[in-house]
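What follows is each chain in one-letter form.
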Amino acid sequence: MKNKPIYIIVGIVVLLAAVLLFVGGSRKKQSVEQSTDMSWSTFSSKDKKAGGAYAAFKLLPQLFAYHAVQVVTKSFARTYSKEKELAHNGNVYILVSDNMFTTEKDIDAMLQYVAPGNELFIAVNNPDPVLAQQLKFAVTESSSFQQQQVGWVQRYTDASVPLDTSFTYKGMVAGNYFSSIDSSITTVLGTNYKNKPNFIRVAYSRGYIYLLLNPYTFTNYFLLHQQNVNALETQLSYLKDYADNVYWDDFYSHQHSAQSGDFSEWQVLMRYPAMRWALWLSILLLLLYVVFESKRRQRIIPDKPALNNTSLEFVDAIGQLYYQRHDNHNLAHKMIVHLLEYIRSRYYMDTNVLNEEFVTTLSKKSAIAESDIRLLLQMISHIQLEQHVSDEYLQEFYKRIQLFYLNTK
């Protein structure tokens, strides 16, 4: 059962995948059934359903001299701080959303953006109260937004052009309107189906802010009905045809509640259901791995014992072997050969000539007194000259070699 944790993890992954497929299939079926329901409007540039703004986004290059449109996915304050082009004039920024949930930093950045001569087009049902206070207008909210057939849902009036056109469709009807405006800086450009002003232009410093309380004029369902595409051309005709940069905001259309502060990157991950499921699934798998794989599988490696003095052990083994045969001279000779080899390999010294210079050098390297080394060499010379070595002399020679091995550094 060593692979039991792996089987458990695989089973959970398969189960969650089945749940995701079921949920995705049900949502897909639901979206098809409600493909003409405008109450599900997202105003997203990627949404091809009735309430999306895919058609409007694709038509923008034709309305701005085939200029490329840049999609913004961050709050206005963050975009303005990073996009240096927004600080210069000649830019157009389009924001389409159901509600406008912004922060004070966003509003300040919007006004700084418009001041040099830029244009900001906002199409929302409910604009931000801070922006309303800054631009001195008030909005009266309708009791409800209904999907019904009326004589016309949006009318554009402009005495300076002159312009008087209206458009209709069987979709959501926006009833909000501007109940008060500052006529010194504000021009009324359009009205709703109750003939109340819902489309204005506000002059701010050297730029303009356009406010339309009917974002449904940007939806696919509205634009693809008869000749309603002319409505999009009409309301955007006030903007610069040859703008240096055209921006489409795809951030605020995904906000469904007021932001208490700076926008968090985690909100982007948690915004989409598929991404949210993937994130929680990754966290769950990580926890399972930690739980089942945290146990030690390998035994603790025991401490390696310290190495013994092998030279000394070798001498003891050889000594025992030859001592049993009672060949003292041969045994002493073997001990001498091993000792000289030990000196050559450890101290890199020539052992062919064992003179006073050799004694001095070996004493310095081994930290053994010269007298002890000189006595050991004398015993070596004596053994090499004699043919017979007594037991007592062999034992003394053995003790001298042992002391040398043990005391050398």
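These figures come from a predicted structure and were not determined experimentally.

A. Fine view of the packing of aromatic side chains. Summed over the entire model, instances satisfying the criterion amount to 23 aromatic pairs. Measuring from ring centre to ring centre gives 5.0 Å for Y169 and F222, while their planes differ by 90°; the resulting arrangement is edge-to-face. Of this pair, Y169 sits in the loop between β7 (163-167) and β8 (171-173) while F222 sits in helix α6 (residues 220-223), and the two are 53 residues apart along the sequence. Here the two residues Y169 and F222 agree in accessibility, since each one is buried. Directly above the ring of Y177 sits K196, whose terminal nitrogen or CZ lies 5.6 Å from the centroid.

B. The sheet that holds strand β11 (residues 197-204), seen in detail. Taken together, the nine strands give an open sheet; going across it, the order is β1-β13-β2-β3-β12-β11-β10-β6-β7, and neighbouring strands pair in mixed fashion. The sheet is open, and its two borders are formed by β1 (69-72) and β7, each paired with just one other strand. Along the sheet, successive strands turn relative to each other by an average axial angle of 20°, direction set aside. As defined by bridge partners, strand β2 (residues 91-99) adjoins strand β13 (residues 245-249) across five bridges and the pair is classed as parallel. Bridge pairing in β13 links N91 to N245.

C. Region of the structure containing the packing of helix α11 (residues 328-347) against helix α14 (residues 391-407). At their nearest, the axes of α11 and α14 sit 11 Å apart, and the two run at 15° to each other. Comparing the axis directions of α11 and α14 gives the class roughly parallel. The chirality of how α11 crosses α14 is left-handed. Where α11 abuts α14, its residues N328, L331, A332, M335, I336, H338, L339, Y342 and I343 lie against D391, L394, F397, Y398, I401, F404 and Y405. In terms of residue class, the contact of α11 with α14 is built from 13 nonpolar, two polar and one charged.

Rules of the game
- Residues numbered from 1 in each chain as written.
- Predicted model: local features only at pLDDT ≥ 70, side-chain atom pairs only at ≥ 80, totals over all residues.
- Heavy atoms only, no water.
- Phe/Tyr/Trp six-rings, centres within 6.5 Å; stacked < 30°, edge-to-face > 60°.
- Helix = DSSP H or I, 4+ residues; strand = E, 2+ residues; numbered from the N terminus.
- Buried < 20%, exposed > 50% of the residue type's maximum accessible area, 1.4 Å probe, protein only.
- Lys NZ or Arg CZ within 6 Å of the ring centre and 35° of its normal.
- Pairing = 2+ DSSP bridges.
- Axes fitted to C-alpha atoms, helices over the stretch in contact; angles between N-to-C directions.
- Parallel < 35°, antiparallel > 145°, perpendicular 65-115°, else oblique.
- Left-handed = near helix turned anticlockwise from the far one by under 90°.
- Contact = heavy atoms within 4.5 Å.
- Nonpolar A, V, L, I, M, F, W, Y, C, P; charged D, E, K, R; others polar.

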